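Inside the fold
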Amino acid sequence: MGNPLNLPFDPIERAHENWTKRWGASPAMAAVTSIMRAQQILISQLDATLKPHELTFARYEALVLLTFSSTGALPLGKIGERLMVHPTSVTNTIDRLERQGLVRRRPNPSDGRGTLAEITDEGRRVVEEATADLLAMDFGLDCYADEELWEIHRRFRSLRVSYGDFPDDAEPRG
């Protein structure tokens, strides 16, 4: 899966050495570069795992969110809010899932102008199969023990709180 670099050195360490020579040490630069590379690696692995289901991770997340809804349907605006993506991205994601027969659009009965995206039986089947595959590969993080994964989660919580995703007093998990 993906395209390993197979370099004889750590390119992020090398970049930080060069950075330090020019601008001084920056642990933040090394950390953010590592995070961005990790994101590339993970998206590549996740998308490769989801490809047999004709899903990307973004489309998978939308399906999962719909399964979490008690009715299997949510307003498009709520999907964007929960997935933290722009409305245009939600529209594109739902368009694709609808063409695949995994969701359908229907009028929102509580808002005459709004639209709900509703997961279909086929969408539920696909999300169950895709979830089994993602769990089998531990979402690409099988190189970490459970406690390390919870620690990663806790470390990024501070960033998300400082950005304003949720209040600091929200109940943490793990």
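Let me sum up the structure you'll find in this document.

Conventions used here
- Every chain's residues receive numbers from 1 upward, in the order its sequence appears when written.
- Local features are withheld for residues below a pLDDT of 70 in this predicted model, meaning they are given only at 70 or higher, and side-chain atom pairs are given and counted only at 80 or more; totals for whole chains, interfaces and linings count all residues.
- As a rule here, side-chain values cover all heavy atoms of the structure and leave hydrogens and water aside.
- Nonpolar cores are built from buried Ala, Val, Leu, Ile, Met, Phe, Trp, Tyr and Cys residues. Side-chain atoms within 4.5 Å join them into one set.
- When accessible area is computed with a 1.4 Å probe and restricted to protein chains, residues below 20% of their type maximum are described as buried, those above 50% as exposed, and intermediate ones as partly exposed.
- Starting at the N terminus, helices and strands are each numbered in turn, a helix being any DSSP run of H or I of at least four residues and a strand any DSSP run of E of at least two.
- The contact criterion used throughout is that any non-hydrogen atoms of two residues lie within 4.5 Å.
- Any carboxyl oxygen of Asp or Glu that lies within 4 Å of a side-chain nitrogen of Lys or Arg is treated as forming a salt bridge with it.
- Residues forming no salt bridge and having over 30% relative accessible area are the ones grouped into patches, like charges within 9 Å of each other and nonpolar side chains (Val, Leu, Ile, Met, Phe, Trp, Tyr) within 5 Å.
- Note on areas: these come from Shrake-Rupley sampling with a 1.4 Å probe, and a residue is covered only by the protein chains present in the view.
- When DSSP locates at least two bridges between a pair of strands, those strands are taken to pair.
- Note on geometry: axes are C-alpha line fits, over the in-contact stretch for helices, and angles between N-to-C directions span 0 to 180 degrees.

1. Describing the nonpolar core
- Formed by 25 residues in total, the largest nonpolar core has its most connected members in Leu55, Tyr60, Leu63, Ile79, Ile94 and Leu97.
- Among the secondary structure elements, those contributing two or more residues to this core are helix H2 (27-50), helix H3 (57-68), helix H4 (76-83), helix H5 (87-99), strand S3 (111-119) and helix H6 (121-136).
- Looking at this core element by element, the count peaks at seven residues for H3.
- Excluding its chain neighbours within four sequence positions, the residues that come into contact with Leu97 are Leu55, Arg59, Ala62, Leu63, Leu102 and Val103.

2. Re the pattern of salt bridges
- Scanning all chains against the criterion turns up 11 salt bridges.
- For Glu81, the salt bridge is made with Lys78, and the minimal N-O distance between the two is 3.7 Å. Residue Glu81 and its partner Lys78 are both found in helix H4; the two are separated by three residues, about one turn of the helix.

3. Topic: a nonpolar patch on the surface
- Together, Val32, Ile35, Met36, Tyr144, Ile152, Phe156 and Leu159 line one region of the surface with nonpolar side chains, adding up to about 590 Å² of accessible area.
- Looking at the nonpolar patch, the elements that each hand over two or more residues are H2 and helix H7 (146-163).
- The class of Met36 is partly exposed, set by a relative accessible area of 49%.

4. Description of the sheet that holds strand S2 (residues 103-108)
- Within the open sheet, the three strands sit side by side as S1-S3-S2. Their pairing is antiparallel. In the strand order of this sheet, the two ends are held by strand S1 (73-75) and S2, each with one partner. The sheet shows a mean angle of 30 degrees between the axes of neighbouring strands, direction not considered.
- Both S2 and S3 contribute to a ladder of six bridges, which runs antiparallel. Following the sheet pairing, Arg106 is matched in S3 by Leu116.
- Together, S1, S2 and S3 form the strand contacts of H3, whose direction differs from that of S3 by roughly 105 degrees.
- Packed on one face of the sheet, H4 meets S1, S2 and S3 and runs near 90 degrees to S1.

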